[in-house]
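# Tertiary structure, described
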Amino acid sequence: MTTAREIMSAGTECVGAEEDTLTAAKKMTRFEVGVLPICGTDNKLNGMLTDRDIVTEVLGAGKDPATTKAGDLAQGEAVTIGADDDAQEILRTTTAHKVRRFPVIDGHDLVGMVAQADVARALPDPPVGDLLQALSTD
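I will try to describe carefully the structure that is included in this document. (Residues numbered from 1 in each chain as written. Predicted model: local features only at pLDDT ≥ 70, side-chain atom pairs only at ≥ 80, totals over all residues. Heavy atoms only, no water.)

The next point concerns the nonpolar core. In this structure, A4, I81, I90, V104, V114 and V119 are the most contacted members of the largest nonpolar core, which totals 14 residues. Listing elements by their share of this core, those giving two or more residues are α1 (4–7), α4 (87–97) and β6 (101–106). For this core, the element with the most residues is α4, which contributes three residues. Those residues in contact with I90, other than ones at most four positions away along the chain, are T3, A4, I7, I81, D85, F102, V114 and V119. One finds A24, M28, V58 and A70 within the second-largest nonpolar core, a separate group that totals eleven residues. (Core = buried A, V, L, I, M, F, W, Y, C linked by side-chain atoms within 4.5 Å. Buried < 20%, exposed > 50% of the residue type's maximum accessible area, 1.4 Å probe, protein only. Helix = DSSP H or I, 4+ residues; strand = E, 2+ residues; numbered from the N terminus. Contact = heavy atoms within 4.5 Å.)

What follows is the structure in C-alpha cells.
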C-alpha cells in the first residue's frame with residue numbers, strides 16, 4: 001500500500017513561531033503555498049498558519065503583520081499523519097478532520113506535507129470521490 005512518505009511533498013519549509021507574519025506571507029509567496037507549518041525553536045511543530053489566517057486574524061483585525069508573530073496564530077494541535085501511514089489512513093484522517101493539507105511527521109520530525117491532490121493521485125477513483133465529497137460538504 002502507498003504510504004504518506006511516497007506521496008508527500010518533501011522539503012517542507014516552516015515558519016518559526018517567533019517570526020512575524022509578514023515574513024510568513026513572503027515565504028508563502030516564494031514557495032507558492034497557502035499554508036506553512038509553524039515550528040518552535042526546538043523545531044517541533046506548533047501548528048499551522050494559512051494565508052487566510054494572515055488576512056483575517058492580522059490584516060482584517062488591524063494588526064501589524066511586521067510585529068504579529070506566527071506563533072500567536074497557532075490554534076491547538078495540528079492534524080498530522082505519520083510518514084509510514086498508508087493512503088487509506090490518510091483518507092480517514094483527511095475526511096475525519098476535513099483538512100485539505102497537513103504535515104507528515106516521522107517521529108517528532110516534520111518531513112513533508114500531504115495535500116488533497118496527493119491523496120487523490122494515490123487512491124483509486126471511488127475513494128477519491130468519497131474524499132472530495134467529504135471535503136466539499138459542511
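With that settled, consider the sheet that holds strand β3 (residues 35–39). Sheet strands pair by backbone hydrogen bonding; their relative direction is either parallel or antiparallel. Taken in spatial order, the three strands line up as β2-β3-β4 in an open sheet, and their pairing is mixed. With partners counted over all chains shown, the strands left at the sheet margins are β2 (15–16) and β4 (45–50), one partner each. One ladder, built from two bridges, connects β2 with β3; its direction is parallel. Note that in β3 the partner of G16 across the bridge is C39. Strands β2, β3 and β4 of the sheet are contacted by helix α2 (residues 21–31), whose axis makes an angle of about 135° with β3. (Pairing = 2+ DSSP bridges. Axes fitted to C-alpha atoms, helices over the stretch in contact; angles between N-to-C directions.)

What follows concerns the pairing of strand β7 (residues 109–115). Walk down a regular strand and you will see the side chains alternate between the two sheet faces. The pairing of strand β1 (residues 9–10) with β7 spans two bridges and is antiparallel. By the bridge assignment for β7, S9 is matched with M113. With six bridges joining them, β6 and β7 adopt antiparallel strand pairing. The residue bridging R101 from the neighbouring strand is A115, located in β7.

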